[in-house]
Amino acid sequence: MTAPLTPPHQPQPNDPWQSPPAGSHVQPGEQPGPDERRAELRQAAVIAVVLTVAGVGLGLLWLWLAPRVPLVSDDTAVFLKNSEGEEAIGADGTFVLLALVFGLVSAAVVFLLRRRGGIPLVVGLALGGLLGSLLAWGIGTWFGPTSDVVAHAKEVGKGVTFDAPLELHAVGAAMLAWPIAAMIVHLGLTALFGPRDPEPEWESPYGAPRAEAGDGAASGAPEWPAAEGGRPADKQDPGRP
């Protein structure tokens, strides 16, 4: 009796866990051309300019919503009317919260207009947010109460309450709130909802034969001599005559 001839297990040609064929390499993906690069730079510049102009709105909102610090004079010095008040801290907090909202909205709008994203757009968001914050700070301090506290106290008179200048104490945090929020939100939206790059394709070396499905010689399956009637010939035991 002879044992059935069972060829060894052969891997499927489309098995994703198999290593790529020898000599193959990944085909490079499509790289953006010079025209697309220039278009991205133009869009980044437009975004930076628009966000800088939007800083006017941030400054006016800060001027309107920031709490005022009341001062009073006695003809010899100027004092805080409420020494335990937190209006000065409230002005910083109001600016930071408004800047975070501006950063979130600007990042969402840019993502909706340009879903693919890109480094130039993120740089435009950051630069525009920083310039817009600087402009908002200048508008709030320029159009707010005068910074000449002594002259203002003499003008209003003794015992009359007046507002202190609108100032930022945590300048670094206030200036970076908008650009950091815009970058984080935009990168998060791009990672979650942005288009995905196609999977890389393996290219066989030039002249290498490609294995076809069902081809025993290419797949490595052994070939056995066929006997009469289309049945494979039985392997003879070398110990038997």
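Below, the structure is looked at part by part. Because the structure is predicted, anything quoted here is derived from the model rather than measured.

Some points on the nonpolar core
Here's step 1: Within the largest apolar cluster, 22 residues are counted, with the highest numbers of intra-cluster contacts made by L58, W62 and F95.
Here's step 2: Taken together, the elements giving at least two residues each to this core come down to α1 (34-65), α2 (87-113), α3 (119-143) and α5 (171-193).
Here's step 3: Broken down by element, the residue count for this core peaks at six residues, all from α2.
Here's step 4: Those residues within four positions of L58 in sequence are excluded, and the remaining contacts are F95, L98, A99, F102, S133, A136 and W178.

Thoughts on the environment of A45
Here's step 1: If you trace the backbone, A45 turns up in helix α1.
Here's step 2: A sequence separation of 79 residues divides A45 from G124, and the C-alpha atoms of the two residues are 6.2 Å apart.

Overview of the side chain of S73
Here's step 1: The topology assignment puts S73 in strand β2 (residues 70-73).
Here's step 2: Assessed through its relative accessible area of 9%, S73 is described here as buried.
Here's step 3: Not counting residues within four places of it along the chain, the set of residues in contact with S73 comprises V78, A153, K158, G159, V160 and F162.

Quick notes on a nonpolar patch on the surface
Here's step 1: Judged by side-chain polarity, L127, L130, L131, L134, L176, I180 and I184 come together as a nonpolar surface patch covering roughly 580 Å² of accessible area.
Here's step 2: Here the nonpolar patch gets four residues from one element, more than from any other, and that element is α3.
Here's step 3: With respect to the helices and strands, the residue L127 is situated in helix α3.

Brief notes about the packing of aromatic side chains
Here's step 1: What the rule picks out here adds up to two aromatic pairs.
Here's step 2: Ring centres 5.1 Å apart and planes at 85° place the aromatic pair W62 and F95 in the edge-to-face group. In this pair, W62 is assigned in helix α1 and F95 in helix α2, connecting sequence segments 33 residues apart. For the pair W62 and F95, one class covers both residues: buried.

The rules behind each value
Residues numbered from 1 in each chain as written. Predicted model: local features only at pLDDT ≥ 70, side-chain atom pairs only at ≥ 80, totals over all residues. Heavy atoms only, no water. Core = buried A, V, L, I, M, F, W, Y, C linked by side-chain atoms within 4.5 Å. Buried < 20%, exposed > 50% of the residue type's maximum accessible area, 1.4 Å probe, protein only. Helix = DSSP H or I, 4+ residues; strand = E, 2+ residues; numbered from the N terminus. Contact = heavy atoms within 4.5 Å. Patch = residues over 30% accessible without salt bridge, like charges linked within 9 Å, V, L, I, M, F, W, Y side chains within 5 Å. Areas by Shrake-Rupley, 256 points an atom, 1.4 Å probe, with all protein chains shown as cover. Salt bridge = Lys/Arg side-chain N within 4 Å of Asp/Glu carboxyl O. Phe/Tyr/Trp six-rings, centres within 6.5 Å; stacked < 30°, edge-to-face > 60°.

Everything listed is a geometric property; what it means functionally is a separate question.
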